[in-house]
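Notes for the structure review
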Amino acid sequence: MHRPPPLALLQELLESCRVRVDGVTRGAGFFVAPGFVVSCAHVAGARPGARVPVEWQGARYEGVVRTASAPPPRPGRGLWPYPDLAVLELRDAPPGHPCVWLQGLLPAAGTPLTAAGFSDTYEPGVPAARTAELRRGGSIFLHGGRMMELAGAEVNEGLSGGPVLSHASGGVCGVVKATRLKGSDMGGLATPVSALRLLDPDVYRALIRAHDRFHGEDARWSRAADRVQAYGPAEGGISPAATAAAAGLGGDEHRHLLALLAALPVAPAAGTHRAAFLAAAAPGAAPQEDYPLLDHRDVFTDLAAQMPPEDGELPYELAFAADRAARGGGPRDAVQQLRDRVLIVAGRLGLGDAAQRRLAGGRAAGERPSIIGRVRHSLRDRELYHVMVWRYRSRADIVPVAAESEALPLKEALGLLAELLPEQIDIMGGVTSPGLIELILPREALDEEFPDWLLWPDYPWFALGRKQHVVVRPLERHEAPELHAAWERRWEHLDGRAIGEALVCVCGRDGQHQAALGASFDGDPTLAALALAGSPRSSAPVSDAYRVAVASGVPMMTWRRGAAACARGDGGRCGAPGRQACPGDRFFAEARAALAATDRDELPEKVCALRNEAVAAAGAGEDHIGERIVLLWDDPRRQIPRLPLSPAEAGAEEGLAGPT
């Protein structure tokens, strides 16, 4: 007995999902999820709530338009505006009906396609089921959106609203929209299924989640589509596409992961999905610019459309699934099943260790993730600055978020840094999930009001330094490898010590001139925590002392932002450095008291808490130490990659290089 080829079986399943829609015009539609039909707006109509007759397998049902794109401003003239799509929900939908699998990635030019709909060509007024064998042509932009050209056969009116099946992916990639020339085999146009994202977001999410849950439980389409991909339709042998796909996720693995993602809660904040995409994608990658990211599925499918990662790295869509499982949130069983599925797929790919690291937050035990921003001088003009930002998950996982900026004046450079931070904070967990923000800065930028930056317009009371653990780090030390040995030694000397006890005062006066301070630091490697008696940008005594401390490897300093160098009023002299209470400025005593029980690694969190305490205590009569406190916290283990750097401006001396 002859067995039908896999493609013929999939085409039969496609036809079984087709429905006839008698809306403002007659055309086709197709089941996408239980009780949900997708068609064209010019077929079903554009008015939400409108009732539309739908016929399937000889039985009639009542459909209700849940969402549709807008009609043309002048009905009856030209094509309907992009995307010309509608979603209908059937009342008393037939139980057990099949559903197509939606494939968001458009097929390559020349890919064979099958469209399903109706035609009354041979018997006018009596629509008959029809399929058309087509191929993918090019693309054309009409009414603000990209259409897929269909070539090789007649696209009659009764095909409008019907599904377009890609023989390459085994999924429905488009919706038939228009013919090029009636009565000819010149083909027509189809709207990509990704354009469903341009409809009502709530209806879209309900539709697509129901679609993914259905295919997680019903394997009819999966079995047929996977056989088409695995076996060549003509010869029946293993196809080159299947061989290439062996290194990535299979169709069935995609469907199972999407079904599990559909069980997780909808992300509440705008921009969350884009942040999730960027966290999992290769540096510089971007989601489809034509369509918004409205749900987990959109992030997953747009990541799957990227170029494959380097050997040994998780496929981007699998990395995203791991990130969602690592974050949790949602039914415990669903999160656990997603973790298990990630590990199963990664194990098949030989990437089990990479998956385990990703599920652990992408970092080794004891390491904390952060966002590292750097502002550095231009190599040609020190009045200009370059900005670059990294996401740090571990010493082996440091990702630049974009190329370094052009040379900018300092104010513009800091403005750019402020623009870049919110999206990266979203990627690393969100504004309400406190994380570490490390700013590597030249001395002239250390006193900027970073903690008070208001970066979230919808929440004008969300200050950066009260929501995140903001610390500064000295650019000069990061650009001078010869200073690193002392830096590392002093950092280790702070381990296990209470900062309040380790803290000493430096003001740069009297016996604290640069040579004396340098000698003191050289003779005592345990000097590792300083309270500056003024800002490093204040007068020469404090600024000079700051320079000596940086060069000597002091990894922890604190001061009051904008404070002038303290004025000694008792005629005494300061030690080098001062270990006793300083009568000229109470900041040292307050810092010692506030940090008395704080250890080295808790400092960023503690200072964030002090900033919040200062706001809560506003109006109490005295300045709170947290009001303008700056924390320099410079962990030598957390360094950005040192790579050769070309001169910043054209015409710079050849061979000039520096750290990046």
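Presented here is an overview of the structure given in this document. (Residues numbered from 1 in each chain as written. Predicted model: local features only at pLDDT ≥ 70, side-chain atom pairs only at ≥ 80, totals over all residues. Heavy atoms only, no water.)

Within strand β18 (residues 469-474), six of the six residues are buried, leaving the element largely enclosed by the surrounding structure. Residues His469, Val471 and Arg473 point to one face of β18 and Val470, Val472 and Pro474 to the other, with burial holding for every one of them. (Buried < 20%, exposed > 50% of the residue type's maximum accessible area, 1.4 Å probe, protein only. Helix = DSSP H or I, 4+ residues; strand = E, 2+ residues; numbered from the N terminus.)

Right, let's talk about helix α7 (residues 272-280) for a bit. Across the nine residues of α7, seven count as buried, placing the element largely inside the fold. Every buried residue of α7 is accounted for by Thr272, His273, Ala275, Phe277, Leu278, Ala279 and Ala280. Where α7 is buried, its residues touch α8 (296-304), α9 (316-327), α11 (352-359), β14 (384-394) and α12 (410-427). (Contact = heavy atoms within 4.5 Å.)

In this description, a pair of aromatic rings is defined by centroid distance and the angle of the planes. Taken as a whole and judged by the stated rule, the model has seven aromatic pairs. Ring plane angle 90° and centroid distance 5.7 Å describe the contact between Tyr459 and Trp461, whose orientation is recorded as edge-to-face. According to the relative accessible area criterion, Tyr459 is partly exposed, its value standing at 40%. Classification of Trp461 as exposed rests on a relative accessible area of 55%. When the centroid spacing of 4.8 Å and the interplanar angle of 15° are considered together, the rings of Tyr459 and Phe462 count as stacked. Among the aromatic side chains, those forming a connected cluster through ring pairs are Tyr459, Trp461 and Phe462. Residue placement shows Lys467 over the ring face of Phe462; its charged tip is 4.1 Å from the ring centre. (Phe/Tyr/Trp six-rings, centres within 6.5 Å; stacked < 30°, edge-to-face > 60°. Lys NZ or Arg CZ within 6 Å of the ring centre and 35° of its normal.)

Of all hydrophobic cores here, the largest spans 95 residues; its most connected members are Val100, Leu102, Leu196, Trp221 and Leu318. Considering each element in turn, this core owes the most residues, seven residues, to α9. In contact with Leu102, not counting residues within four places along its chain, are Phe30, Val32, Val172, Val193, Leu196, Ile208, His211 and Arg297. Of all hydrophobic cores here, the second largest spans 47 residues; its members include Val401, Leu417, Leu421 and Ala445. (Core = buried A, V, L, I, M, F, W, Y, C linked by side-chain atoms within 4.5 Å.)

Bringing the pairing of strand β15 (residues 397-400) into the picture now. Of the strand pairs in this sheet, β14 and β15 are connected by four bridges, and their pairing is antiparallel. What sits directly across from Ser394, in β15, is Asp397. Hairpin connection from β14 to β15: two residues lie between these consecutive antiparallel strands. (Pairing = 2+ DSSP bridges.)

Attention now goes to the side chain of His211. Mapped onto the elements of the fold, His211 is located in helix α3 (residues 201-217). Under the relative-accessibility criterion, His211 is labelled buried at 0%.

This part covers the packing of helix α6 (residues 251-261) against α8. Two elements in contact, α6 and α8, have axes separated by 9 Å at closest approach and are oriented at 150°. Considering their axes alone, α6 and α8 lie roughly antiparallel with respect to each other. Relative to α8, α6 is oriented so that their crossing is right-handed. Contact residues: α6 offers His254, Leu257, Leu258 and Leu261, while α8 offers His296, Arg297, Phe300 and Ala304. For the contact of α6 with α8, a count of residues per class yields five nonpolar, two polar and one charged. (Axes fitted to C-alpha atoms, helices over the stretch in contact; angles between N-to-C directions. Parallel < 35°, antiparallel > 145°, perpendicular 65-115°, else oblique. Left-handed = near helix turned anticlockwise from the far one by under 90°. Nonpolar A, V, L, I, M, F, W, Y, C, P; charged D, E, K, R; others polar.)

Don't take any of this as a statement about function, it's just geometry.
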